[in-house]
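Residue-level structure breakdown
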Amino acid sequence: MEVFFLLSSMVAVAGAVLVVTQRVAIYALLGLLVSFFGTAGIFYALDATFVAVSQILVYAGALAVLFLFVLMFASDDPPEAGPLVTVGARKDFDPAAVKPVEARARPRLSMPSFGAALLSLAVLALMYFAIYKLPPRFGEFGGVAPQTQVHKTNPRPGEPLTEMVEFGSARGVGYAIFDDFPLAFEVVSLLIFAAILGAVLLTRRSAAQSRAEQEAAAREGEAGAEGAGGSHA
Amino acid sequence: MLNPQIVLFLCATLFCIGLYGVLSRNNLILMLMSLELMLNSANIALVAFSRYWAGKGLDAGSFSGAHSGQFFALMVMAVAAAEVGVGLAIIVALFRKRHNSDVRAASELKH
Amino acid sequence: MRELLQKPEFLLLLVPLMPLIGFLINGFFGRRMALASSGAVACGSIVLSFVIATSLFVSLISQGQTVQSYSFNWMHVGALDIHFRLLADPLSGLLMMVVTGVGSLIHIYSVGYMGHDKAYWRFFAYLNLFCFAMLMLVLGDSLVLMFLGWEGVGLCSYLLIGFWYTHKPNSDAGKKAFVVNRVGDFGFMLGMFLLFWYFGSLNYGELAAGMREVVQPDSTLLNAACLCLFVGACGKSAQIPLYVWLPDAMAGPTPVSALIHAATMVTAGIYMIARLNFIWVHAETALTVVALVGALTAFFAGTIGLVQRDIKKVLAYSTVSQLGFMFIALGLGNFPVAIFHLFTHAFFKALLFLGSGSVIHSLEHTLGHGNPDSQDLFKMGGLKHKMPLTFATMFVGACGLAGIPLFSGFFSKDAILYAAFERQDALGLVVYALGLAAAVCTAFYSFRLIGLAFFGKWRGLEAAYAHADESPRSMGLPLFLLAIAAFGAGYLWLPAAFGVHFTPFADLLAPVWQQGQAFLRAAQSPLAMPVEHSHEAIVREWVNMLVSSVVAVGVSIFAFTIYSKPAGLERARKLVEGAMGAPYRLLLNKYYVDEIYDIAIVRPIQLLSDVFFVIFDVIFIDLMLVNGSGLLVDLSSKVARRVQTGVVRHYLFAFVVGAALLLVMFLAAL
């Protein structure tokens, strides 16, 4: 298990480093994916099998794909940065109109990056210090019994009051969610619902907006036609 | 020998890598990715403590004692999903307006 | 609902509520409503209020019962506990009848009079609001509610005087009325505070109970409180020295002059003193002041009225003068007589105003609206042929005002003069002399007005006379009804000298004075009203009645013969241009009171205001406080705004540094 944990953590850290250092967005996303998988491995090494599976499903499956869509849709990387990023870019997107992003012209460790590195390292040192100062009882995990007894809070009539479950299994976490924290669960569902509504509202084009865009496009078309006519004359 | 301290060191490392990313990036999408890294590291800490309490035998009686850490990790995932959904929507809306996703360009609120 | 409508507690609330509803409807929707419906709402609401008031009055109050409405808790702070409750006892019930009755007639009259005005709805909204405020003043069961109405009628008076606000003198007159009334209101408030301080309550019932319990009343304090209240009464009821606003208030529409500045609002001061008679009987000094001020006002206003050219100004000064008569009665401790004069005066003075409005209305057709010529007595004449109904009704009103025997004014004014005559001391003598002189003036200007307006030859623009016509029926009907009331009102209280005991008016009001009179009789004060009339007293009353009749009739005929014939008019003009020039000018300029006030009060205040304006407003407030604080904020924000760069990364850095510092704190605490 230790070996598996070490491998997974190395993968996770490597992916994370890729995320923060890669200049091409799509590679950074790949790094994020790698890091997610590494994290899933760590969860598995910590006997949290259900969370590990959820990690892969939610993060690596859904979130990464969402990021990929948005990257394709809204990337401002210039075409020469790589073929992948400009796939599916908007037709009316004019790379020349984009202001050059100053950071790109700078050396890798420009001032803000240097500051960021310094601050991050300081926080890291603080955290390391705090962890180092932890009481000695955090020095070992201890063994986990293969099965543990749970007391049901709302047993159905005729069913036994207790049940044996495995640590980290879907059944065990299910008891935590629906037996112990149902309110938190409901609140989170509400939050996600609100987020969905918010996302829809934010990305929806208003009728006036799209009409204005259409008109602008039409005007551009006319101007182009006139220009062409003029050159002919 | 695997122990909570080592896992926590790993968490801190991942967290600070993410922090560096958030602080150094100019592209909103990349900032959001780094933020995900930080959330992930917090999840690892939660699961690690869940495992720790299970080892201490806290799961006697109500099971949530040890499992609550994993439950919170799941909640963080849900919240992260919501956050990414809204965050990416904001980025798309911003991109529509100015055709790039550079944070430095979005400073109108200053005035 | 039907059950509710049979409860007097509820019906009494409806009386002031109806005009309020009318006001709200006209105020909010009047602009979009048709002319007819706007007038119908206003008239309907006040007539309904009158009907309810009549039913209450006939069934309960005239039987000697007192009606109280439901009580609402208004404010409750410490010892101050004010309830919102209406009270209709004989006194307030009577005034309620006057307000709603005369108010209804004037509303109906206004439908015709204001028909041409484009702000018709606004007029009716204000008029309804006034009726509401006046009813609150009359029906409220505490001084606080009275003050509410007191201020409310002041506001309406201001709004209605300046009704045609596009013409600056009108809005100036409104402001003058408001400011002068504020001076009076200040006195009223001080009086209220003193009474509250002394009795710990402002409710009439509790005040009366408190007065009963006090063994040795603090007469200094009561005198002070009553004098303060009298300052308020002076303002509202236009007595010296605060009468100056009333003549100017004639700038408002004539129905307003009739309702507010003759029949109801200006009598608020008299009502207030009568209402608090149980306190006033303990304040003999204040009563003496009231009597003297009333007598002086009656005389001086009467003399000014002798020479006014404007038909409404004549009536305005006569109102001031008649109010003075009422204060004489109050000051002599004869409260019911004051209310009696208030009652009859409300009818004949409203009638005279409405009649003059009718004349003005018919002349304005030709002369144009707002033309002062339409109100100038010296540019009228011979109108009796053109406007017979107006003439006949105004003649009745003038007879009432002049105190011609058997008309209502005769009974009430004679009762006042008799009360002064009967007093038989220095005060009584002075008051009687001034009152008699004022009565002479009254008779003179009443018939001068009739003679100038309705007799003789037309002296104005020919076209105006040719087109002068009797007013529409909606104006004629109120005139007719008021004429009946103006003639008949006096018969409700026949003098004892007639030998017939018929005094329903005095009997009705008797319980109101009970407490005060009991005290006075116990103290054997000269202020106590006589209970029985001795043989000598009856003889004196006959003498007094004969004197005032002869004076009234003689002076009336004298004035009439001068002013109804061109020759007499010519003689009068020669007289004022020659020998009588100086006194004439003095009277014409109203004793230069406005000018004296201007020099003595207005100018110094203006000078002082200018000084304070420069020191406080310009230097202290504007420069130091306003600009200084602005400058401070400006400078500090110039520094502070640098923190807000608008760059996300800077915020993030700050956030992380803060979080790290928190971590350090936690670690240090370990």
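What comes next concerns the included structure. (Residues numbered from 1 in each chain as written. Chains lettered and ligands numbered in written order. Predicted model: local features only at pLDDT ≥ 70, side-chain atom pairs only at ≥ 80, totals over all residues. Heavy atoms only, no water.)

1. Some points on the interface of chain B and chain A
Facing the 81 residues of chain B at the interface are 94 residues of chain A. Summed over both sides, the interface of chain B with chain A buries roughly 7,800 Å², with 75% coming from carbon and sulfur. A per-residue breakdown of the area chain B buries against chain A is headed by B:L2, B:R51 and B:R96, which together make up 10% of the total. Our count for the contact surface shared by chain B and chain A stands at one salt bridge. The partner of A:D47 in a salt bridge is B:R51, and the shortest N-O contact between them spans 2.9 Å. Counting across the chain B and chain A interface gives twelve residue pairs in polar contact (both at pLDDT 80 or more). Among the secondary structure elements, those contributing two or more residues to the side of chain B that touches chain A are α1 (4–24), α2 (28–55) and α3 (64–98) of chain B. Ranked by residues supplied to the side of chain B that touches chain A, first place goes to α3(B) with 27 residues. Classifying every residue of the side of chain B that touches chain A by side-chain character gives 51 nonpolar, 22 polar and eight charged. (Contact = heavy atoms within 4.5 Å. Buried area = accessible area lost by both parts, 1.4 Å probe. Salt bridge = Lys/Arg side-chain N within 4 Å of Asp/Glu carboxyl O. Polar contact = N/O pair within 3.5 Å; in protein donor to acceptor, adjacent residues only side chain to side chain. Helix = DSSP H or I, 4+ residues; strand = E, 2+ residues; numbered from the N terminus. Nonpolar A, V, L, I, M, F, W, Y, C, P; charged D, E, K, R; others polar.)

2. Observations regarding empty space enclosed by the protein
Empty space among the atoms becomes visible once a probe the size of a water molecule is rolled across them. Residue and element names in this part refer to chain C. For the structure shown, the criterion picks out five cavities of 30 Å³ or more. Taken as a whole, the largest cavity holds about 90 Å³ of empty space. What lines the largest cavity is A402, G403, F410, K413, D414, L417, L436, A439, S548, V551 and A552. Secondary-structure elements contributing two or more residues to the lining of the largest cavity are α18 (408–423), α19 (426–454) and α23 (535–564). For the lining of the largest cavity, the leading source of residues is α18, giving four residues. Here the lining of the largest cavity is composed, by residue class, of seven nonpolar, two polar and two charged. Reported here for the second largest cavity is a volume of approximately 40 Å³. Taken together, the residues that form the lining of the second largest cavity break down as four nonpolar, no polar and four charged. (1 Å grid on protein atoms, 1.4 Å probe; cavity = no way out; pocket = protein on both sides within 12 Å on 5 of 7 lines; lining within 4 Å. Points joined across faces, edges and corners; volume = space filled by probe spheres on them.)

3. Thoughts on the packing of aromatic side chains
Residues and elements named next belong to chain C. In total, this model carries 47 aromatic pairs over all chains according to the counting rule given. Taken together, a centroid distance of 5.8 Å and an interplanar angle of 20 degrees make the contact between Y109 and Y113 stacked. Taken together, the positions of Y109 and Y113, both in helix α4 (residues 90–113) and four residues apart, correspond to about one turn of that helix. Put simply, the rings of F407, F410, F411, F487, Y491, F498 and W542 pair up and form one aromatic cluster. Sitting above the plane of the Y465 ring, K386 keeps its charged end 5.4 Å from the centroid. (Phe/Tyr/Trp six-rings, centres within 6.5 Å; stacked < 30°, edge-to-face > 60°. Lys NZ or Arg CZ within 6 Å of the ring centre and 35° of its normal.)

4. As for the packing of helix α2 (residues 25–45) of chain A against α2(B)
Direction vectors running N to C along α2(A) and α2(B) enclose 5 degrees, while the axes themselves pass 11 Å from each other. The orientation of α2(A) with respect to α2(B), classified from their angle, is roughly parallel. Here A:A25, A:A28, A:L29, A:L32, A:S35, A:F36, A:T39, A:I42 and A:F43 of α2(A) lie close against α2(B), whose contacting residues are B:L30, B:M33, B:E36, B:L37, B:N40, B:N43, B:I44 and B:V47. Its residues assigned to classes, the contact of α2(A) with α2(B) shows twelve nonpolar, four polar and one charged. (Axes fitted to C-alpha atoms, helices over the stretch in contact; angles between N-to-C directions. Parallel < 35°, antiparallel > 145°, perpendicular 65-115°, else oblique.)

5. What to know about the packing of α4(C) against helix α22 (residues 504–523) of chain C
All names here are of chain C. It is the contact of α4 with α22, at a shortest axis distance of 8 Å, that shows an interaxial angle of 130 degrees. Put simply, α4 runs oblique to α22. Listed contacts from α22 to P90, L91 and L94 of α4 are F505, L508, L509, P511, V512 and W513. Its residues assigned to classes, the contact of α4 with α22 shows nine nonpolar, no polar and no charged.

6. Side note on the environment of C:D376
Residue and element names in this part refer to chain C. Mapped onto the elements of the fold, D376 is located in the loop between α16 (335–367) and α17 (388–402). Accessibility expressed as a relative area gives 10% for D376, which makes it buried. In sequence terms D376 and H83 are 293 residues apart; their C-alpha atoms lie 49 Å from each other. Among the polar contacts made by the side chain of D376, one reaches the main-chain amide nitrogen of F378 at a distance of 2.9 Å. (Buried < 20%, exposed > 50% of the residue type's maximum accessible area, 1.4 Å probe, protein only.)

7. Let's talk about the pattern of salt bridges
Residues and elements named next belong to chain C. Scanning the entire structure with this criterion turns up 14 salt bridges over all chains. The partner of D373 in a salt bridge is K379, with the nearest N and O atoms 3.3 Å apart. Measuring nitrogen to oxygen at the nearest pair gives 3.1 Å for the salt bridge that ties R423 to D425. By relative accessible area, which is 30% here, D425 ends up partly exposed. Taken together, the shared-partner salt bridges connect E151, R182 and D185 into one network.

8. Considering the layout of surface pockets
All names here are of chain C. The space that makes up the largest pocket amounts to roughly 930 Å³. Contributing elements (two or more residues each) for the lining of the largest pocket: α16, α18 and α22. Of the residues belonging to the lining of the largest pocket, the class tally is 23 nonpolar, six polar and six charged. Every residue lining the second largest pocket is counted, 34 residues in all, and those nearest its centre are W164, H167, N170, A251 and H369. Contributing elements (two or more residues each) for the lining of the second largest pocket: α7 (168–199), α10 (245–248), α15 (311–331) and α16.

9. A short note on the interface of chain B and chain C
Of the residues lining the interface, twelve residues belong to chain B; the matching set on chain C comes to nine residues. Note on chain B versus chain C: buried area summed over both sides is about 820 Å², and carbon and sulfur give 66% of it. Put simply, chain B and chain C have zero salt bridges between them. Where chain B meets chain C, there are three residue pairs in polar contact (both at pLDDT 80 or more). Looking at which element gives the most residues to the side of chain B that touches chain C, the answer is α1(B), with four residues. The residue makeup of the side of chain B that touches chain C, split by class, is six nonpolar, three polar and three charged.

10. What to know about the pairing of strand β2 (residues 72–77) of chain C
Residues and elements named next belong to chain C. Among the six residues in β2, zero count as buried, and that is only a small part of the element. With five bridges joining them, β2 and strand β3 (residues 80–84) adopt antiparallel strand pairing. Residue V77 lies in a different strand from β3, and its bridge partner there is L80. Hairpin connection between β2 and β3: a loop of two residues separates the two successive antiparallel strands, and G78 in this loop has a positive phi of roughly 55 degrees. (Pairing = 2+ DSSP bridges.)

11. Some details on the state of the cysteines
What the rule picks out here adds up to zero disulfides over all chains. We note that B:C11 lacks a disulfide partner, and the nearest cysteine sulfur, in B:C16, lies 11 Å from it. The class for B:C11 is buried, based on a relative accessible area of 6%. Just so you know, C:C43 is unpaired, no disulfide at all, and the nearest cysteine sulfur is the one on C:C131, 10 Å from it. (Disulfide = S-S within 2.5 Å.)

12. Description of the side chain of C:T503
If you trace the backbone, C:T503 turns up in the loop between α21 (473–488) and α22. Ignoring any residue separated from it by four or fewer positions in sequence, one finds C:T503 in contact with C:L492, C:W493 and C:L494.

13. Topic: the environment of C:Q606
Residue and element names in this part refer to chain C. With respect to the secondary-structure elements, Q606 resides in helix α26 (residues 593–640). You can call Q606 partly exposed: its relative accessible area is 45%. Residues Q606 and L631, spaced 25 residues apart in sequence, show a C-alpha to C-alpha distance of 32 Å.

Geometric values such as these leave the question of function open.
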